[in-house]
2 protein chains.
Amino acid sequence: MEYRKLKDQDEDGNGDVDVIESQKALSVTNVPTLGDTTIDWSKWKLKIIVVVALMLLMSSQSILIVWSKRNGKYEYSITTTNFMVENLKCGLSLLALARIWRSEGVTKDNRLSTTFDEVIVYPIPALLYLVKNLLQYHILQHLDAPGYQILRNLNIISTGILNRIILKKKLSNMQWVALIQLCIGCVITQLKTNSDDVFQTPVQGWVMAIVMALLSGFAGVYTEAIMKKRPSRNINVQNFCLYIFGMVFNAVAIVTQDFDAVMNKGFFYGYSFITVLMILNQALSGLAVSMVMKYADNIVKVYSTSVAMLFTALVSSYIFRFNLSLAFIAGTINVILCVYQHAVGKQDDSIPALPKFAQCKGSHPSPHHSSMMILNRWS
Amino acid sequence: MEYRKLKDQDEDGNGDVDVIESQKALSVTNVPTLGDTTIDWSKWKLKIIVVVALMLLMSSQSILIVWSKRNGKYEYSITTTNFMVENLKCGLSLLALARIWRSEGVTKDNRLSTTFDEVIVYPIPALLYLVKNLLQYHILQHLDAPGYQILRNLNIISTGILNRIILKKKLSNMQWVALIQLCIGCVITQLKTNSDDVFQTPVQGWVMAIVMALLSGFAGVYTEAIMKKRPSRNINVQNFCLYIFGMVFNAVAIVTQDFDAVMNKGFFYGYSFITVLMILNQALSGLAVSMVMKYADNIVKVYSTSVAMLFTALVSSYIFRFNLSLAFIAGTINVILCVYQHAVGKQDDSIPALPKFAQCKGSHPSPHHSSMMILNRWS
């Protein structure tokens, strides 16, 4: 709870955007994005629609979280809402599976029974998020909340690096430039009068911020690897396995963090209509993120997260009536240009013109093969 | 003088960078840059060395201007130093010409005698800078100095647009993105706590800022057109014609603005060793800029100006011992990435892969032809 309280002290409208992080901290899910990029417009159109829908879902998520406060406080236990989100995702995955079984019958790809080899990798993302969440409490002892908010953008870079190292996916030079500029754009949108305090961060703070960025990047990359290892495996089965461990870890979190509160006041104490909407929204975004992980990739996720964050701030500024800063506007334009740059910058300009087809093959050398490599290392 | 005084009130270290603007306001010259870009590395190396040298010259320029103050004031008249700069440039051009005449003899290309048709275009850049300078006094009635500093970055965009419209030079989509991000990067480096005041700018302020950006862009583009109209004409002759009109306009400025001061205290009142160094530095930068205009282009100029500005701030922060802000660092990284992006982003990615040679030809369709068009329209 401590972390969320710290965030709330941040009176700035943008600050509220981050509350989402604590809500999701123990959840297995992540966030959607733009840009896998081959300039194939029919494929692109669909992707854009899906990603925009995801971003809207995500943007409203943060606003719902803020609205779920009463008298400036969260009356419900966050661990219980996280648990309910994982629960709902499990339920929805099972429901979808049941429909598929009825229409297509049970096959090798959509059956729920699994092998130890397949299932052993699924707790790992949940575990990584758990470690990250625990670290989050410690990092705030070395770093104030606005500073942490700025350093969290290192996620963007770490995802790019881990994507390259672990999944062996290459970005073109132009796409690397776009990724760094995306990170800068996000930092800029979050600039406040006290942002320079980040330079006072002690070494431990920096180390922890980098470790957290790597953990978060690794969890994302690892989830992608899991989803893509068995491309023909039904996504609902994969989701079910992912979320069932999410449920377990969240149950542990309830017991260790909020046991007394839940025992004394009841599990659903403080729930309102908005809380229910928020849970529904988080569950749907979670499922959408899984789709991005299976059918697109982590870089798409990073771009969507960033754009969704801006979208949230825009909507918040309208709802909560505060003025957007020049820094926010400049950063937003930068981020939007980065999305374009990532999309059209696929051709690696450092190598002489290859036929487009050959190049695209080169940029994504068999992701399934490399996801298998990493999964085999862990299982 | 009013304008420089306003600038000086801006206590921030970056503020001093802009003092250069008023120093140069009536001068015909402009500034150097990176990036004409065909990835021909031997050509590039030389260009980079020249541009880096220019940037160093420019960076030290602003610092010399600050150092030329005594007790926080400029004791000399700025109009007289501007006049001396134009004088020195004329002298150096003549000296260079004399050497060429001795070694190569007088030819059609290096003779000083000229036609009315050739010479009539040369006062125009000086006139444009004069109008811009006059407007500068008015704009500061509608806009505070930090706001003006931010809006001045519109120069970057206007130069790109006028470069396209008047000189008919195409930038690739990626280069356009880079140019907009360069503008954003520059704005970001200049962000201060009160930057949001720029939103309070009245409509007249915006209109004047845009008009000034267009004037400044047009002066640059027009100078490039003049320099490139006769590619074989010796650059020293062209410089001489350019600077002789600069001298005339600066003489007018002395008479209209500082006549009493010069009459009472003398022309060289308040000059110090630093003032002399400053004049020398400005003259050399001016000549270097002419070279950039003749052998590279305005976009190169815009990039160099931006990088030089950052360089100045870096050096100033060391000399005057102030801390760089997070905004400055973020903006600087953005600007550096834009330089790279402009350089490698030449291939237009919106059109399918052409052989490199054909593409380069396509991107710069006969600048001489188009410069002739604009000059003929004016002469």
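Parameters at a glance
Residues numbered from 1 in each chain as written. Chains lettered and ligands numbered in written order. Predicted model: local features only at pLDDT ≥ 70, side-chain atom pairs only at ≥ 80, totals over all residues. Heavy atoms only, no water. Helix = DSSP H or I, 4+ residues; strand = E, 2+ residues; numbered from the N terminus. Buried < 20%, exposed > 50% of the residue type's maximum accessible area, 1.4 Å probe, protein only. Contact = heavy atoms within 4.5 Å. Buried area = accessible area lost by both parts, 1.4 Å probe. Salt bridge = Lys/Arg side-chain N within 4 Å of Asp/Glu carboxyl O. Polar contact = N/O pair within 3.5 Å; in protein donor to acceptor, adjacent residues only side chain to side chain. Nonpolar A, V, L, I, M, F, W, Y, C, P; charged D, E, K, R; others polar. Disulfide = S-S within 2.5 Å. Least-squares fit on C-alpha atoms with pLDDT ≥ 70 in both. Axes fitted to C-alpha atoms, helices over the stretch in contact; angles between N-to-C directions. Parallel < 35°, antiparallel > 145°, perpendicular 65-115°, else oblique. Left-handed = near helix turned anticlockwise from the far one by under 90°. Patch = residues over 30% accessible without salt bridge, like charges linked within 9 Å, V, L, I, M, F, W, Y side chains within 5 Å. Areas by Shrake-Rupley, 256 points an atom, 1.4 Å probe, with all protein chains shown as cover. Core = buried A, V, L, I, M, F, W, Y, C linked by side-chain atoms within 4.5 Å. Expected span 1.5 Å × (residues − 1). pLDDT = per-residue confidence, 0-100.

**With respect to the overall build of chain A**
- Looking only at helices and strands, chain A features 17 helices and zero strands.
- For chain A, with 379 residues in total, the buried portion stands at 58%.
- When contacts within chain A are restricted to residue pairs at least 6 apart in sequence, those whose partners lie at least 24 apart make up 86%.

**A closer look at the interface of chain B and chain A**
- At the junction of the two partners, chain B supplies 31 residues and chain A supplies 31 residues.
- For the pairing of chain B and chain A, the buried interface totals around 2,500 Å² over both sides, and the portion due to carbon and sulfur atoms is 75%.
- Summed over the shared surface of chain B and chain A, the result is zero salt bridges.
- For the pair chain B and chain A, the number of links is nine residue pairs in polar contact (both at pLDDT 80 or more).
- Elements represented by at least two residues in the side of chain B that touches chain A include exactly α9 (173-189) and α14 (326-344) of chain B.
- Top contributing element to the side of chain B that touches chain A by residue count: α14(B), with 11 residues.
- Here the residues of the side of chain B that touches chain A sort into 20 nonpolar, nine polar and two charged.

**Quick notes on the state of the cysteines**
- Counted by the stated rule, this structure contains zero disulfides over all chains.
- With no disulfide of its own, A:C241 lies 9.0 Å from the sulfur of A:C90, the closest cysteine sulfur.

**Observations regarding unusual backbone geometry**
- Positive phi outside glycine occurs at A:R321, with the angle close to 55°.
- Within the secondary structure, A:R321 sits in the loop between α14 (298-319) and α15 (326-344).
- Looking at A:R321, the relative accessible area reads 72%, which means it is exposed.
- At B:K168, a residue that is not glycine, the phi angle is positive and equals roughly 60°.
- Looking at the element boundaries, B:K168 is found in the loop between α8 (154-165) and α9.
- Relative accessible area serves as the criterion here: at 35%, B:K168 is assigned to the partly exposed category.

**So, the relation of the copies chain B and chain A**
- Turning chain B through 180° and shifting it by 0.0 Å along the axis lays it on chain A, with an RMSD of 0.0 Å. Here the two chains are linked by the operation of a two-fold rotation axis. Proximity to the rotation axis, assessed at the C-alpha, singles out B:T193 in chain B; its C-alpha lies 2.9 Å from the axis.

**Some words on the packing of helix α10 (residues 173-189) of chain A against α14(B)**
- Look at α10(A) against α14(B): their axes get within 10 Å of each other, and the N-to-C directions meet at 155°. Relative to α14(B), α10(A) is oriented roughly antiparallel. Helix-helix and strand crossings are classified by hand; for α10(A) and α14(B) the assignment is left-handed. Counting all contacts with α10(A), which are made through A:N173, A:M174, A:V177, A:I180, A:Q181, A:I184, A:V187 and A:I188, the residues of α14(B) involved are B:L326, B:A330, B:I333, B:N334, B:L337, B:C338, B:Y340, B:Q341 and B:V344.

**As for a nonpolar patch on the surface**
Residue and element names in this part refer to chain A.
- Taken together, the side chains of I48, V52, L56 and F311 define a hydrophobic patch exposed on the protein surface, amounting to about 300 Å² of accessible area.
- Among the elements that make up the nonpolar patch, the one with the highest residue count is helix α4 (residues 41-67) (three residues).
- Relative to the elements of secondary structure, I48 occurs in helix α4.
- A residue is classified by how much of its surface remains accessible, and I48, at 30% relative accessible area, is partly exposed.

**Brief notes about the nonpolar core**
- By size, the foremost hydrophobic cluster in this structure holds 102 residues, and its most contacted members are A:I139, A:I188, A:L191, B:I139, B:I188 and B:L191.
- When neighbours within four sequence positions are excluded, B:I139 is seen to be in contact with B:Y148, B:G205, B:M208, B:A209 and B:M212.

**Thoughts on α14(A)**
Residue and element names in this part refer to chain A.
- With 22 residues, α14 should reach 32 Å at 1.5 Å per residue; the first-to-last C-alpha distance of 31 Å fits that figure.
- Burial analysis of α14 places 16 of its 22 residues in the buried class, the great majority of the element.
- For α14, the N-terminal capping position is held by D297, with its side-chain oxygen 3.0 Å away from the main-chain nitrogen of I299.
- Looking one or two residues past α14, R321 carries a phi angle of roughly 55°, positive in sign.

**Details of the packing of helix α5 (residues 78-104) of chain A against helix α12 (residues 235-265) of chain A**
Residues and elements named next belong to chain A.
- Between α5 and α12, the shortest axis-to-axis distance is 8 Å and the interhelical angle comes to 155°. In this view, α5 runs roughly antiparallel relative to α12, as classed from their interaxial angle. For the crossing formed where α5 meets α12, the hand is left-handed.
- Each residue belonging to the contact of α5 with α12 can be placed in one class, and the counts come to 16 nonpolar, 10 polar and three charged.

**Side note on the pattern of salt bridges**
Residues and elements named next belong to chain A.
- Evaluated as defined, the whole model comprises 16 salt bridges over all chains.
- For K228, the salt bridge goes to E224, with nearest N and O atoms at 2.7 Å. Here K228 and its partner E224 are both found in helix α11 (residues 203-229), four residues apart, which amounts to about one turn of the helix. We note that K228, like E224, is buried.
- The network of salt bridges with shared partners includes K169, E224, K228 and D297.

**As for the confidence of the model for chain A**
All names here are of chain A.
- Per-residue pLDDT for chain A averages 79, and the proportion of residues at 70 or more is 78%.
- Predicted confidence in chain A is weakest over helix α1 (residues 2-9), with a mean pLDDT of 37, and strongest over α10, with 95.
- Predicted confidence for residues 1-38 stays below pLDDT 50, and this span has 145 contacts to residues more than four positions away or in other chains.
- Between residues 349-374, whose pLDDT stays under 50, and residues either more than four places distant or in other chains, the model counts 39 contacts.

**Digging into α10(A)**
- For α10(A), which comprises 17 residues, the first-to-last C-alpha distance of 24 Å matches the rise-based estimate of 24 Å (1.5 Å per residue) to within 8%.
- Of all the 17 residues making up α10(A), 14 are buried; the element is thus mostly covered by neighbouring parts of the structure.

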